[in-house]
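# Coordinate analysis (summary)
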Amino acid sequence: LAAAGKLLVVPVDGSHWLSMREVVDMLQQKGHEVVVVAPEVSMHIKPSKSFVMKMYPVPFTKEELDEVVKGLIKDVFEEGSFLERVLRLYQRAKQNSALFLATCTHLLHNKELIRYLEESKFDAVFTDPFLPCGAILAEYLSLPSVYFLQQMPCRLEFQATQCPSPPSYVPRAFTDLTDHMTFLQRVKNLLYDIPNFFLCDVVFQPYAELASEFLKREVTVPDLLRQASIWLMKLDFVFHFPKPLMPNMVLISGVNCAYKKLNQ
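Calculation criteria
- Residue positions within a chain follow its written sequence, with the count starting from 1.
- Where totals are concerned, whole chains, interfaces and linings use all residues; where local detail is concerned, this predicted model gives features only for residues with pLDDT of at least 70, and gives and counts side-chain atom pairs only at 80 or more.
- With hydrogens and water stripped out, all remaining heavy atoms of the structure feed into the side-chain values.
- Each axis is a line fitted through C-alpha atoms, and for a helix only the stretch in contact is used; angles between axes span 0 to 180 degrees, taken between their N-to-C directions.
- Under the DSSP-based scheme used, a helix requires at least four consecutive residues in state H or I and a strand at least two consecutive residues in state E, with every element numbered from the N terminus.
- Reported orientations rely on four angle classes, namely roughly parallel under 35 degrees, roughly antiparallel over 145, roughly perpendicular from 65 to 115, and oblique for the rest.
- Residue contacts are defined here by distance: any two heavy atoms, one from each residue, within 4.5 Å place the two residues in contact.
- Gly is placed with the polar residues, together with every amino acid not listed as nonpolar (Ala, Val, Leu, Ile, Met, Phe, Trp, Tyr, Cys and Pro) or charged (Asp, Glu, Lys and Arg).
- Here a crossing is called left-handed whenever its near helix is offset anticlockwise from the far helix by less than a right angle, and right-handed whenever the offset is clockwise.
- Two cysteine sulfur atoms make up a disulfide if the distance between them is within 2.5 Å.
- Each residue's exposure class comes from its accessible area (1.4 Å probe, protein chains only) as a fraction of the maximum for that residue type: buried when under 20%, exposed when over 50%, partly exposed otherwise.
- Only Phe, Tyr and Trp rings take part, Trp by its six-membered ring, and two of them pair if their centres are within 6.5 Å. Stacked means planes under 30 degrees apart, edge-to-face means over 60, and tilted covers everything else.
- Put simply, a charge is over a ring when the Lys NZ or the Arg CZ is close to the ring centre, within 6 Å, and near the line of the ring normal, within 35 degrees.
- Whenever a nitrogen or oxygen atom comes within 3.5 Å of another N or O atom, the pair is scored as a polar contact, on the condition that within protein one atom can donate a hydrogen and the other can accept it, and that pairs from neighbouring residues in sequence are kept only if both atoms are in side chains.
- In a helix, the anticipated span is given by 1.5 Å times the number of residues less one.
- Bend angle per residue: angle between axes fitted to the 7 residues ending at that residue and the 7 residues starting there.

### Brief notes about the packing of helix α3 (residues 82-108) against helix α8 (residues 195-215)
For any two helices packed against each other, one specifies the inter-axial angle together with the distance between the axes. Viewed as axis vectors pointing N to C, α3 and α8 meet at an angle of 10°, and their least axial separation amounts to 9 Å. As far as their axial angle goes, α8 and α3 are roughly parallel. For the pair formed by α3 and α8, the contact residues are F82, V86, L89, Y90, A93, K94, S97, F100, L101, C104, T105 and L108 on the first element and P195, F198, L199, V202, V203, P206, Y207, L210 and F214 on the second. Across the contact of α3 with α8, the residue classes break down as 18 nonpolar, two polar and one charged.

### Some details on the packing of α3 against helix α5 (residues 133-141)
One way to put it is that α3 packs onto α5 with a least axis distance of 10 Å and a crossing angle of 25°. When the axis of α3 is compared with that of α5, the two are roughly parallel. The hand of the α3/α5 crossing is right-handed. Facing C104, L107 and L108 of α3, the residues of α5 in contact are C133, I136 and L137. Class assignment for the residues of the contact of α3 with α5 results in six nonpolar, no polar and no charged.

### Here's the deal with the state of the cysteines
In total, this model carries one disulfide according to the counting rule given. C104 shares a disulfide with C133; S-S distance 2.2 Å. Taking the sign of the torsion about the S-S bond as the criterion, the disulfide between C104 and C133, at about 95°, is right-handed. One end of the pair, C104, is in helix α3; the other, C133, is in helix α5, and 29 residues separate them in sequence. With a relative accessible area of 8%, C133 lands in the buried category.

### Some remarks on the packing of aromatic side chains
Taken as a whole and assessed by the stated rule, the structure comprises five aromatic pairs. Ring plane angle 45° and centroid distance 4.6 Å describe the contact between Y140 and F214, whose orientation is recorded as tilted. Note that Y140 is positioned in helix α5 and F214 in helix α8, a separation of 74 residues in sequence. A centroid spacing of 4.9 Å and a plane angle of 85° characterise the contact between Y147 and W231, whose relative ring orientation is edge-to-face. With Y147 in strand β5 (residues 145-149) and W231 in strand β6 (residues 230-233), this pair connects stretches of sequence that are 84 residues apart. As far as the burial class goes, Y147 and W231 line up, both buried. Above the plane of the ring of F122 lies K6, whose end atom (NZ or CZ) is 5.4 Å from the centre.

### Let's talk about the environment of D128
With respect to the element layout, D128 can be found in the loop between β4 (124-127) and α5. In the structure, D128 is positioned 19 residues away from Y147 in sequence and 5.5 Å away in space, judged by C-alpha atoms. Setting aside residues no more than four positions away along its own chain, D128 makes contact with V10, V12, H16, M20, F148 and L149. Polar contacts involving the side chain of D128 include one to the side chain of H16, which spans 2.7 Å. From its side chain, D128 meets the backbone nitrogen of F130 in a polar contact 2.9 Å long.

### Comments concerning the side chain of N110
Take N110: it is sitting in the loop between α3 and α4 (111-119). Exposure remark for N110: the relative accessible area of 19% places this residue in the buried category. Other than its neighbours up to four places away in sequence, N110 contacts Y56 and P57.

### Considering helix α1 (residues 15-29)
Helical periodicity: at 3.6 residues per turn, an α-helix aligns residues three or four positions apart in one direction. An ideal rise of 1.5 Å per residue puts 21 Å on 15 residues; α1 measures up with 22 Å between its terminal C-alpha atoms. Where α1 bends most, at R21, the angle is about 25°. Turning to α1, its buried residues number three or more, namely W17, L18, S19, M20 and V24. Elements in contact with the buried residues of α1: β1 (6-10), β2 (33-39), β4 and β5. Phi turns positive one or two residues past the end of α1, at G31, with a value near 105°.

Next up, the structure:
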């Protein structure tokens, strides 16, 4: 037996939301009361009969948002040497993080919306930790949080949960390696992991400063992420390399952006 509850949903826009929306719709059908907090300017987060929508203003237009997303997709899939790809993503991360940070800043500084969230007495926060705004809100409201994700930039989910992720065993991005490596391949895998520290500092350090200001105490992004009760990982070892997981990391493969019948 289970009782329905009141759930605060803090999503990340784009394809992240498309798969999360499937879960939100199902939660509503199970009797849960769902409130989704989202910016007024977004790609895919739209009002629905399945949930209550609370929107807040942001300092950019739909055209500016579209340009940022298209540029990121282009950079991720464009080929080149490892160094070229890292430098390209580093520059793109600096450009994009300012826009995404503004989204979170305007949410946390919206006093009327924050007051509403305080008075609503939610039971839990359901969020995508790819951007830690939901984690900041969960900490502020002293609520348990459920994370819904595939993976975090720079493998922050492993740092936050103290989950083993040895370079000698788990392949890093851009290496084209498998989980069966020779000694030299393991060395290569270790070297490819080094730039992650710089990329993550650019993207996530401003969130740590924002969270510290909002919570009125010094915190880091891993500090926030490690408060999660459950990590729902959109992974399956049929499609991904086997790797260590922590007990509160649950594999929920098969959650996709849309269910469409393929043509012949």
